[in-house]
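# Observations on the model geometry
The residues making up each chain are set out below.
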Amino acid sequence: MVARLVIAAPSSGAGKTTVATGLMAAFAGRGLAVSPHKVGPDYIDPGYHALATGRPGRNLDAFMCGTGLVAPLFAHGSRGCDLAVVEGVMGLYDGAADQGELASTAQVAKLLRAPVVLVVDASSQSRSVAALVHGFASWDPEVRIGGVILNKVATDRHEHLLREALGESGVPVLGVLRRAPAVATPSRHLGLIPVAERQAQAVEAVAAQAEQVRAGCDLEALLALARSAPELDAEAWAPPVVAPRAGRRPVVAVAGGAAFTFSYAEHAELLTAAGAEVVTFDPLRDEALPEGTGGLVVGGGFPEMYAAELAANEPLRKAVAAFAAGGAPVAAECAGLLYLARSLDGTPMCGVLDADARMSARLTLGYRDAVAVSDSVLAPAGARLRGHEFHRTVIEPGAGALAAWGLRQPETRVEGFVQGGVHASYVHTHWAGSPEVAARFVGRCG
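Described below are features of the structure shown in this document. (Residues numbered from 1 in each chain as written. Predicted model: local features only at pLDDT ≥ 70, side-chain atom pairs only at ≥ 80, totals over all residues. Heavy atoms only, no water.)

## Some remarks on the packing of helix α3 (residues 70-78) against helix α4 (residues 105-112)
Helix packing geometry: the angle between the two helix axes and the distance between the axes. The condition is simple: Simply put, an axis is a line fit to the C-alpha atoms, just over the touching stretch for a helix, and the angle between two N-to-C directions goes from 0 to 180 degrees. Each helix corresponds to a stretch of at least 4 residues labelled H or I by DSSP, and each strand to a stretch of at least 2 residues labelled E; elements are numbered beginning at the N terminus. Here the angle decides the label: under 35 degrees means roughly parallel, over 145 means roughly antiparallel, 65 to 115 means roughly perpendicular, and every other value means oblique. Every residue pair with non-hydrogen atoms within 4.5 Å of one another is taken to be in contact. We call Asp, Glu, Lys and Arg charged. Ala, Val, Leu, Ile, Met, Phe, Trp, Tyr, Cys and Pro are nonpolar, and the rest, Gly among them, are polar.
Contact geometry for α3 and α4: axes closest at 9 Å, N-to-C directions at 70 degrees. The angle between α3 and α4 places the two elements in the roughly perpendicular class. Contact residues: Val 70, Ala 71 and Phe 74 in α3; Val 108, Leu 111 and Leu 112 in α4. Each residue belonging to the contact of α3 with α4 can be placed in one class, and the counts come to 6 nonpolar, no polar and no charged.

So, in structure tokens, the structure goes:
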């Protein structure tokens, strides 16, 4: 089984992404095949991981996919690699609200039998760092914290005080990183700016992160810790294969480009295994759907940042509207929902749905238990899936569509649209946890 590390922290904002991405790039630069992973539903960090390693960033989400799939999905993604680096989510022991350890970094580390490296923001402490690390290391005896990387250390004197305090903790210091603006990744209303929107700057940032990690971390000790992980008894996940109908593979067009960057790697694999030919297109630039399109998938992203450009591509908007009006299968999540609406902050979109979207000051965020309210191209009525919401927009529906999902957390409500062959919703889902979704969708493609 591949050597592996989980990069965690006491809380968000400590520098997990910087350290994890820097480690991935530093080890890849040594010629190792590095498999990148991210705990939780986040789409953006895996883009930076992919840039650092040259391999798809993959999510390990125990809520959406179930605890039983965490190790198989990990084994699938890391097959043939020398090392896997798993970036955690939030604080080490934070997971799904009111669900105990479910979907926490700690739970994933235990499921993977992987040692944890704790990234600590040391900018406002000295001796107290030992109490903090001791607490995290002793909280759950099944979680093995194999070392600490101290981040945002101010001076040599500050480093000395921190190392002295940690000297008797039993947890070795595996790295010390100074404050370095060059490695920072800019953020906006939903977190980091995706790689696709700042490719050249992202390449420079990842290179700077790798250099900082090389200079400040004991890579040999980290690699030895990763190699100390015990064998993991897990059969690699594989998408179920469906034979193409009469040897024909319908084309499934998947929106990409800078405006639609949110996608799990397994979705394309599932669609392909279900008999589809997956073709990516860019709604910012392509004026027509790919030739022979039989199904359309428009996932998440940031259409609000590109509303004017999306609106200016009137030929594609009309093509999408005509495609949907003909009853063809369309699956849209979050950003895709906004794109199918009549307008976004007053800017015209595709007009597939009799609804208007606008930005909001309120952040909607969290895992969701969903029940299909209506039969759709994704699920029969009554089917249960788990998903995730993350947006700062609201949509004001008109008439003519059925609801997509019934949700029961944080409050009971219905959400989304089912209209003809269209399924549009704010809820992101991970199809590896429900592979029948991909098979059903491809089965409806013309």
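That shown, we press on.
## Quick look at the layout of surface pockets
Which entries qualify depends on this criterion: Buriedness for pockets is judged along seven lines, at least five of which must meet protein on both sides within 12 Å for an open set on the 1 Å grid over protein atoms alone, while cavities are sets there where a 1.4 Å probe fits but cannot get out, and lining residues have an atom within 4 Å of a point. Grid points are joined across faces, edges and corners, and a volume is the space filled by probe spheres set on the points.
Looking at the second largest pocket, its volume works out to about 800 Å³. Around the second largest pocket sit 36 residues that line it, and Phe 260, Thr 261, Phe 262, Ser 263 and Tyr 264 are the ones nearest its centre. Elements supplying a minimum of two residues to the lining of the second largest pocket: α2 (44-53), β10 (251-255), α9 (265-273), β11 (277-281), β12 (293-298) and β13 (330-333). For the lining of the second largest pocket, the class distribution of residues is 23 nonpolar, 12 polar and 1 charged.

## Here we look at the environment of Ser 12
Looking at where Ser 12 falls in the secondary structure, it is placed in the loop between β1 (3-8) and α1 (16-29). When the C-alpha positions of Ser 12 and Met 359 are compared, they lie 25 Å apart, and in sequence the two are 347 residues distant. Setting aside residues up to four positions removed in sequence, Ser 12 forms contacts with Met 90 and Gly 91.

## A closer look at helix α6 (residues 156-166)
The condition is simple: Burial here depends on accessible area, computed with a 1.4 Å probe over protein chains only, as a share of the maximum for the residue type. Under 20% is buried, over 50% is exposed, and the range in between is partly exposed. What the arc covers is the set of directions going from the helix axis to the C-beta atoms.
Within α6, burial applies to His 158, Glu 159, Leu 162, Ala 165 and Leu 166. Each buried residue of α6 sits inside an arc of 130 degrees when the element is viewed along its axis, so together they form one side. Exposed residues lying more than 90 degrees from the buried face of α6 are Asp 156, Arg 157 and Glu 164. Where α6 is buried, its residues meet α5 (128-139), β6 (145-153) and β7 (173-178).

## Looking at the nonpolar core
Here is the rule we go by: Here the nonpolar core consists of buried residues drawn from Ala, Val, Leu, Ile, Met, Phe, Trp, Tyr and Cys, with membership extended through side-chain atoms lying within 4.5 Å.
Grouped together as the largest cluster of nonpolar side chains are 116 residues, with contacts concentrated most on Leu 112 and Leu 150. Counting residues per element, this core draws most heavily on α1, at 7 residues. Here Leu 150 is in contact with Val 120, Val 129, Leu 162, Leu 166, Val 173, Gly 175, Val 176 and Leu 177, once residues within four sequence places are set aside. If you look at the next biggest cluster of nonpolar residues, it comprises 40 residues, including Ala 259, Ala 307, Phe 417 and Val 422.

## Digging into the sheet that holds strand β5 (residues 116-121)
Note the threshold: When DSSP finds two or more bridges between two strands, those strands count as paired.
Across the sheet, 7 strands lie side by side as β3-β2-β4-β1-β5-β6-β7; this open sheet has parallel pairing. What marks the edges here is a single partner per strand, and that holds for β3 (58-60) and β7. Within the sheet, the average angular offset between the axes of one strand and its neighbour, ignoring direction, is 25 degrees. In terms of strand pairing, β6 meets β7 through 4 bridges, oriented parallel. Residue Leu 150 lies in a different strand from β7, and its bridge partner there is Val 176.

## Some thoughts on empty space enclosed by the protein
For the coordinates displayed, the defined rule picks out 2 cavities of 30 Å³ or more. Lining the second largest cavity, in full, are Ala 331, Ala 332, Glu 333, Leu 378, Trp 405, His 423, Ser 425, Val 427 and Thr 429. Of all the elements in the fold, those that place two or more residues in the lining of the second largest cavity are β13 and β21 (422-425). It is β13 that provides the largest number of residues to the lining of the second largest cavity, a total of 3 residues.

## Observations concerning the pattern of salt bridges
What counts, and what does not: Criterion for a salt bridge: a side-chain nitrogen of Lys or Arg within 4 Å of a carboxyl oxygen of Asp or Glu.
For the structure shown, the criterion picks out 21 salt bridges. A salt bridge links Glu 314 to Lys 318; its shortest N-O distance comes to 3.3 Å. Placement of both Glu 314 and Lys 318 in helix α11 (residues 314-325) is noted, with a separation of 4 residues, approximately one turn of the helix. On the basis of relative accessibility, which here comes to 38%, the residue Glu 314 falls in the partly exposed class. Because the salt bridges share partners, they merge into one network encompassing Asp 156, Glu 159, Arg 163 and Arg 178.

## Here's the deal with the packing of α1 against helix α8 (residues 219-227)
Where α1 meets α8, the closest approach of the two axes is 12 Å, and the angle between their N-to-C directions is 95 degrees. Taken together, the axes of α1 and α8 lie roughly perpendicular to each other. Within the contact between the two elements, α1 uses Leu 23, Ala 26 and Phe 27 and α8 uses Leu 219, Leu 222 and Leu 223. Residues belonging to the contact of α1 with α8 are distributed by class as follows: 6 nonpolar, no polar and no charged.

From the geometry alone we can't say anything about function, so treat these as descriptive.
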